[in-house]
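# Results of the structural survey
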Amino acid sequence: VQLQASGGGLVQAGGSLRLSCAASGRTFSRAAMGWFRQAPGKEREFVAAINWSRGNTYYADSMKGRFTISRDNAKNTVYLQMNSLKPEDTAVYYCAAVNSWGPAVTIATSYDYWGQGTQVTVSS
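This write-up is about the structure you can find in this document. Keep in mind that this is a model prediction, so the values were computed, not measured. (Residues numbered from 1 in each chain as written. Predicted model: local features only at pLDDT ≥ 70, side-chain atom pairs only at ≥ 80, totals over all residues. Heavy atoms only, no water.)

## Points about the pairing of strand 5 (residues 45–51)
Heads up, the condition is: Only protein chains enter the accessibility calculation, which uses a 1.4 Å probe. A residue is then buried if its area is under 20% of the maximum for its type, exposed if over 50%, and partly exposed in between. Strands here mean DSSP runs of E at least two residues long; helices mean DSSP runs of H or I at least four residues long; both are numbered from the N terminus. Strands qualify as paired when DSSP identifies two bridges or more between them.
Counting buried residues in strand 5 gives six out of seven residues, a clear majority hidden from the surface. Where strand 4 (residues 32–38) and strand 5 come together, six bridges link them in antiparallel fashion. Residue pairing across strands places Gly34 opposite Ala49, the latter belonging to strand 5. Taking the residues that link successive antiparallel strands as the turn, the strand 4-strand 5 hairpin has six residues, and the phi of Gly41 there is positive, at about 75°. Note: strand 5 against strand 6 (residues 57–59), three bridges, orientation antiparallel. When the sheet's bridge partners are listed, Ala49 is paired in strand 6 with Tyr58. Between the end of strand 5 and the start of strand 6, which pair antiparallel, lie five residues, with Gly55 showing a positive phi angle near 85°.

Written out as structure tokens, the structure is:
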């Protein structure tokens, strides 16, 4: 499975961005897709995950109501719509794929495949 993340950039606080993650390769290897982020000097942090076939989702509590994960099966692409961005959302955002579903999709070590990351910078 190959993952290509895009859509990052510089945005002012309160603004929005939409990240995309295009997946290619063996579809059975990606039952779920997730977004994580990592700020300098911090641990990689779970953001959201989506079940590829059913569309069920998990969100980190701090992102609920501001971030929305979705997928387009026809385009093999997962999106992360980020609204009301805050400076503390500044990080490199990574998409990842795993061949399972359940609460473990909130844990980075559960994932088998990772994209290259896209930088999101929110200015105050």
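## Brief notes about the nonpolar core
Burial of nonpolar side chains together is a common tendency in soluble globular proteins. Applied cut-off: Think of a nonpolar core as a cluster: buried Ala, Val, Leu, Ile, Met, Phe, Trp, Tyr and Cys residues, connected wherever their side-chain atoms sit within 4.5 Å. Two residues form a contact once any of their heavy atoms are found within 4.5 Å.
The biggest cluster of nonpolar side chains holds 37 residues, and the ones touching the most others in it are Met33, Trp35, Leu80, Met82 and Tyr93. For this core, the secondary structure elements donating two or more residues are strand 1 (2–6), strand 3 (17–24), strand 4, strand 5, strand 7 (67–72), strand 8 (77–82), strand 9 (91–98) and strand 11 (118–123). In terms of residue count, strand 9 provides more of this core than any other element does, six residues in total. Not counting chain neighbours up to four residues away, the residues in contact with Met82 comprise Gly15, Ser16, Leu17, Leu19, Arg66, Phe67, Tyr93 and Val120.

## What about the sheet that holds strand 3?
Convention followed: In this description, a line fitted to the C-alpha atoms serves as the axis of each element, helices being fitted only across the stretch in contact, and the angle between N-to-C directions of two axes falls anywhere from 0 to 180 degrees.
Strand order in the open sheet formed by four strands is 1-3-8-7, with antiparallel pairing between adjacent strands. Looking at which strands have only one partner, the edges of the open sheet turn out to be strand 1 and strand 7. Each strand of the sheet is rotated relative to its neighbour by a mean of 15°, with strand direction disregarded. Here strand 7 pairs with strand 8 via six bridges, running antiparallel. The partner of Ile69 across the bridge, within strand 8, is Leu80.

## A short note on the state of the cysteines
Keep this limit in mind: Any two cysteine sulfur atoms lying within 2.5 Å of each other are counted as a disulfide.
This model, assessed by the stated rule, comprises one disulfide. The disulfide partner of Cys21 is Cys95, and the gap between their sulfur atoms is 2.1 Å. One quick way to see it: the torsion about the S-S bond of Cys21 and Cys95 is about 65°, and its sign makes the bridge right-handed. Remark: Cys95 occurs in strand 9 and Cys21 occurs in strand 3; sequence separation between them is 74 residues.

## Some points on the side chain of Arg66
Condition: Any N or O atom pair separated by 3.5 Å or less is treated as a polar contact, with the protein-specific requirement of one donor-capable and one acceptor-capable atom, and with residues adjacent in sequence counted only for side-chain atom pairs.
Within the secondary structure, Arg66 sits in the loop between strand 6 and strand 7. Within the structure, Arg66 has its side chain in polar contact with the side chain of Asp89 (distance 2.7 Å). Not counting residues within four places of it along the chain, the set of residues in contact with Arg66 comprises Gln81, Met82, Asn83, Ser84, Leu85, Lys86 and Asp89.

## Focus: unusual backbone geometry
Positive phi, normally seen in glycine, also occurs at Asn76, with a value near 50°. Looking at the secondary structure, you find Asn76 in the loop between strand 7 and strand 8. Judged by its relative accessible area of 27%, Asn76 is partly exposed.

Function cannot be inferred from these measures alone, as they are strictly geometric.
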